[in-house]
Each structure stands twice: as structure tokens, then as C-alpha cells.
Amino acid sequence: MADDPPEWSDVDADAVEERVVELAEAGHSPSEIGMKLRDEGIDGTPVPDVSLATDKKIGEILEEHDAAPDLPEDLRSLMERAVRLKEHMDENPTDYQNKRALQNTQSKIRRLVDYYRGDELDEDFTYSYDTAKNLL
């Protein structure tokens, strides 16, 4: 992996940071921000790697500008999936395959909550369907 941005990408680090914050305020997740910068770029110039252009990761830029999401992205996506599966199970109680998928997803959520508890989540945070529904 290269240590310098490609020669064809001459974007300004401050412009990249501004665009990252702007996209975060528009409701995009850090991975979506990276894809948008890669695909759309800034003023038509693609940004192949934010960390090479700014010497910071997208998460670090968001934390500096107080625009970081309240939940880690991986936990949020699992909670969204669990809510969808739970709503499906309420309508289709005999769908055993999705019942198992819901159990597996909730297990992953609980493990991630244990991992993030204290750092990115409150010490007393516990997962439940109602909590996930309220947060999303």
C-alpha cells in the first residue's frame, strides 16, 4: 500500500475534511462517506483514500468535528437487521428459519455491546428490541 496519495488526485486536505463533515451531517455513515468520496469526489476529483489525503481516518475527522455517530456503524446495522427480523417474525410466527436468523443476530449484538461497553457505549447499556427501536 502506498504512503502518498496518487499523483492524479490533488485534493486539499481541508476540503476533504469539510466534505466528510458535510456528508455526516446529511446522515451518511462513515463507510458511505468513503464510497461517496471515492465515487463522486470533490469538485469532480475523486478521493481514493481519505487517510492518505488527510493523514486521518474518517472516524477521527468526525470525532474532531463532533459529528461522530452515537452508535458504532457495525452495531447500528445489526440492530437495524434485528428490528426488521423481529417485525417479520411478528407477522410470520412460524418462519423458523428467520427465527434462527433473529437469534443469531441478537447474539452478535450482545457480543458487540459487551465489546463496546464503557468505551463507545454507556456502562449500563443493554440490548433489547425496544432499545434498538428507540435508537433507530
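### Observations regarding the environment of His65
One can find His65 in the loop between helix 4 (58-64) and helix 5 (73-91). Sequence spacing of His65 and Glu87 is 22 residues, and the spatial spacing of their C-alpha atoms is 36 Å. Ignoring anything within four residues of it in the chain, the contact list for His65 reads Glu17 and Val21. Looking at His65, its side chain comes within polar contact range of the main-chain oxygen of Ile61, at 2.9 Å.

### Quick word on the packing of aromatic side chains
Applying the stated rule across the entire model yields one aromatic pair. Note that Lys86 overlies the ring of Tyr129, its terminal NZ or CZ placed 5.8 Å from the centroid.

### Some words on unusual backbone geometry
Here Asp55, not a glycine, exhibits a phi torsion of approximately 65 degrees, which is positive. Assignment of secondary structure puts Asp55 in the loop between helix 3 (50-54) and helix 4. Look at Asp55 and you get exposed, because its relative accessible area is 69%.

### Things to note about a negative patch on the surface
Where like charges cluster on the molecular surface, the negative patch consists of Glu32, Glu60, Glu63, Glu73, Asp74, Asp119, Glu120, Asp122, Glu123 and Asp124. Among the elements of the structure, helix 4 and helix 5 are those that each provide at least two residues to the negative patch. Of note, Glu120 is situated in the loop between helix 6 (96-116) and helix 7 (129-135). Accessibility expressed as a relative area gives 47% for Glu120, which makes it partly exposed.

### A closer look at the pattern of salt bridges
Applying the stated criterion across every chain, the model contains ten salt bridges. A salt bridge links Arg19 to Glu22, with the nearest nitrogen and oxygen atoms 2.5 Å apart. Linking Arg19 with Glu22, this pair stays in helix 1 (residues 13-25), spanning three residues, or about one helical turn. Residues participating in the shared-partner salt-bridge network are Arg19, Glu22, Lys36 and Glu40.

### As for the packing of helix 1 against helix 2 (residues 30-39)
Contact geometry of helix 1 with helix 2 gives a least axis separation of 10 Å together with a crossing angle of 130 degrees. By the criterion of interaxial angle, the relationship of helix 1 to helix 2 is oblique. For helix 1 against helix 2, the interelement crossing comes out right-handed. Here Val16, Arg19, Val20, Leu23 and Ala24 of helix 1 lie close against helix 2, whose contacting residues are Ile33, Lys36 and Leu37.

Cut-off values and rules
Residues numbered from 1 in each chain as written. Predicted model: local features only at pLDDT ≥ 70, side-chain atom pairs only at ≥ 80, totals over all residues. Heavy atoms only, no water. Helix = DSSP H or I, 4+ residues; strand = E, 2+ residues; numbered from the N terminus. Contact = heavy atoms within 4.5 Å. Polar contact = N/O pair within 3.5 Å; in protein donor to acceptor, adjacent residues only side chain to side chain. Phe/Tyr/Trp six-rings, centres within 6.5 Å; stacked < 30°, edge-to-face > 60°. Lys NZ or Arg CZ within 6 Å of the ring centre and 35° of its normal. Buried < 20%, exposed > 50% of the residue type's maximum accessible area, 1.4 Å probe, protein only. Patch = residues over 30% accessible without salt bridge, like charges linked within 9 Å, V, L, I, M, F, W, Y side chains within 5 Å. Areas by Shrake-Rupley, 256 points an atom, 1.4 Å probe, with all protein chains shown as cover. Salt bridge = Lys/Arg side-chain N within 4 Å of Asp/Glu carboxyl O. Lys, Arg positive; Asp, Glu negative; His and termini not counted. Charge placed at Lys NZ, Arg CZ, Asp CG, Glu CD. Axes fitted to C-alpha atoms, helices over the stretch in contact; angles between N-to-C directions. Parallel < 35°, antiparallel > 145°, perpendicular 65-115°, else oblique. Left-handed = near helix turned anticlockwise from the far one by under 90°.

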